[in-house]
Amino acid sequence: MAANKPSIPKGTRDFLPSEMIRRDFIFDTIRKHFKRFAFMPIETPSMEKLSTLTGKYGEEGDRLIFKILNSGDYLRKANKDALAEGNSTKLTSSISEKALRYDLTVPFARFVVQHQNEIQFPFKRYQIQPVWRADRPQHGRYREFYQCDADVVGSDSLRYDVELLSLIDEVMSDLSLVDYTIKINNRKILAGLAEVMGIADQLTDYTVAIDKLDKVGEDGVIKELEGRNMPSSVISKTKKLFQLGDEEQTLALLDDWFSDSSIGKKGLEEIRYLLNGAKNADLRTAKIKFDITLARGLNYYTGSIYEVISNEVEIGSICGGGRYDDLTEVFGLKGISGIGISFGAERIYDVLMKLDRFPESAKEGIQLLFINFGNEEAKHCESLLREVRRAGINAELYPESSKMQKQMKFANANTVSWVAMVGENEMKNKTIRLKNMISGEQEDVSIETLIIKVKG
RNA sequence: GUGGAUGUAGCUCAGUUGGUUAGAGCACCGGAUUGUGGUUCCGGGGGUCGUGGGUUCAAAUCCCAUCUUCCACCCCA
């Protein structure tokens, strides 16, 4: 009986220990800073009610939600008309009422409304869990991936808008991702722009078009705007906007344009606060750039928006977020403003991998391996093993007294940092021959010295 | 979802116009080396050529379908 080659679904991955150690390093670093910024942990289920998710991510987003088939004889209850018509959209609601979460923000909004009497506002939460998207996989783009989110809800203070810049700065610096840019913009500015251009109803179309500036260039954007039948005044104003490279000039131009747009003025006020706040935040590595073309697809953002890109590796954004004023409203709770960011741990992994910038500690598997020389020696090592483990060292004793070469190979394969050899002589002298597997140096030491050395 | 590539051993890839038993390097296992790994030498295991059909005397090679991975669009972490 020939067994089928086992495999996993498209866009999903297995992770080997060597990969998991590095992934955990990233998650641990992000989690550490989330905690330092006083965010509290929560978790939500992998699946949500389909109705919770649909309509929150725009038409495109809805298509990418993984739906879960109802249990039991689901076809009996299916919408027969829709089935006969071959209308999947209509059929879906009758055969699926659950779906895998698409991101962590919308489930969080649901969570806030549901537990509003159990939490204290302003509520800062962090959440590190996988999400699923029925997207077509590509490099750096998976159907199952982790998001690391931090959000504050219940406060519209712009201090938090600034604080998130600091958080990004701390995390990126700590991950030694030193060359990156935080692009910032404000949806109110984009709304003001659409207003003064007289295309308020085509705001999304307009922002999607100018968002492509980096990719298709000015001519490409103009072509796209023309393709969407934008009036010529819009085209000329957009050209004018693009000609200004300087941040100050852009802001001054917008001041002029927004003289009659209250939303535009508000946006400018906010972005100035943010830029000024960033200057005073003593950022370690972050380069902040006001980018009028930054739009971000998710349509629940209403204020500040962020996107972080690496300047060293081309991989798309590695972190993104923004402020949203109405997200809890659809679940029945008004007046709760929120702001959050999401770190793309998977992409950060790819970037660190490409730059070979994981620290040695994130490559280490087992810290200490005891070589097995035989029954007597092994028995002696077992008590030493207990001792070093209690001292907080990740340690192992090789199970059999195999040939030294084999045991050393095992050590290499598991990226063991230190090897301890205790044979007849060492037992007699109550010492341990400790070998550093990177330098190759070795010396006879006491158990106390060993613990100090291995713990570094 | 639209368009385009790809798939041979665990990994990276050879494989001539269809023609015997499909190869290499690395990795793995064993030995040289009974207390010292990442070097060297010798030997060994491992592939129904992504999967399923079809054309042919004959298919890794040609055709179709399907899956995977990748690229562009869309969208995004």
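Just so it is clear, the model here is predicted, and its values are computed rather than measured. (Residues numbered from 1 in each chain as written. Chains lettered and ligands numbered in written order. Predicted model: local features only at pLDDT ≥ 70, side-chain atom pairs only at ≥ 80, totals over all residues. Heavy atoms only, no water.)

Below, the discussion takes up the pairing of strand β11 (residues 338–343). Most of β11 is tucked away, with six of its six residues classed as buried. Side chains G338, G340 and S342 project from β11 onto one buried face, and the interleaved I339, I341 and F343 project onto a second face that is buried too. As paired elements, strand β6 (residues 144–153) and β11 share six bridges and run antiparallel to each other. In the strand pairing of β11, C148 is matched with F343. (Buried < 20%, exposed > 50% of the residue type's maximum accessible area, 1.4 Å probe, protein only. Helix = DSSP H or I, 4+ residues; strand = E, 2+ residues; numbered from the N terminus. Pairing = 2+ DSSP bridges.)

If you trace the eight strands from one edge of the open sheet to the other, you get β1-β5-β6-β11-β10-β9-β7-β8, paired in mixed fashion. Both outer strands of the open sheet, β1 (40–41) and β8 (287–290), are each paired with one neighbouring strand and no more. Pairing analysis gives six bridges linking strand β10 (residues 317–324) to β11, with the strands arranged antiparallel. Its bridge partner being in β11, Y324 is matched across the sheet by G338. Seen against the sheet, helix α8 (residues 187–196) touches β7 (180–186), β8 and β9 (304–310) and runs at an angle of roughly 50° to β7. (Contact = heavy atoms within 4.5 Å. Axes fitted to C-alpha atoms, helices over the stretch in contact; angles between N-to-C directions.)

Counting through the fold element by element, E118 comes out in the loop between α6 (105–114) and β5 (123–132). For E118, a relative accessible area of 62% corresponds to the exposed category. For E118 and W418, which are 300 residues apart along the polypeptide, the C-alpha to C-alpha distance reads 49 Å.

Domains assigned within chain A are domain 1 (17–66 + 102–355) and domain 2 (364–455). Inter-centroid distance (C-alpha atoms) of domain 1 to domain 2 is 49 Å. (Domains from an automatic or database assignment.)

Once that is clear, we can look at the packing of aromatic side chains. Think of a pair of aromatic rings as described by two things: how far the centres are apart, and how the planes are tilted against each other in angle. A full pass over the atoms with the stated rule returns twelve aromatic pairs. A ring pair is formed by Y57 and Y102, whose centres lie 4.3 Å apart and whose planes are at 45°; its orientation type is tilted. Taken together, the residues span a long stretch of sequence, with Y57 in the loop between α2 (50–53) and α3 (58–63) and Y102 in the loop between β4 (96–100) and α6 at a distance of 45 residues. Note on Y102: relative accessible area 8%, which makes it buried. Seen from their ring centres, F108 and F111 are 6.4 Å apart, and the 25° between their planes marks the pair as stacked. (Phe/Tyr/Trp six-rings, centres within 6.5 Å; stacked < 30°, edge-to-face > 60°.)

One pass over the full model with this rule turns up 24 salt bridges. A salt bridge links D214 to K183; its shortest N-O distance comes to 3.3 Å. One end of the pair, D214, is in helix α10 (residues 213–227); the other, K183, is in strand β7, with 31 residues separating them in the sequence. On the basis of relative accessibility, which here comes to 10%, the residue K183 falls in the buried class. When the shortest N-O distance is used, the salt bridge between K212 and E224 registers 3.1 Å. Of this pair, K212 sits in the loop between α9 (203–210) and α10 while E224 sits in helix α10, and the two are twelve residues apart along the sequence. Among the ionic contacts, a cluster of salt bridges with common partners joins D205, K212, E224 and R228. (Salt bridge = Lys/Arg side-chain N within 4 Å of Asp/Glu carboxyl O.)

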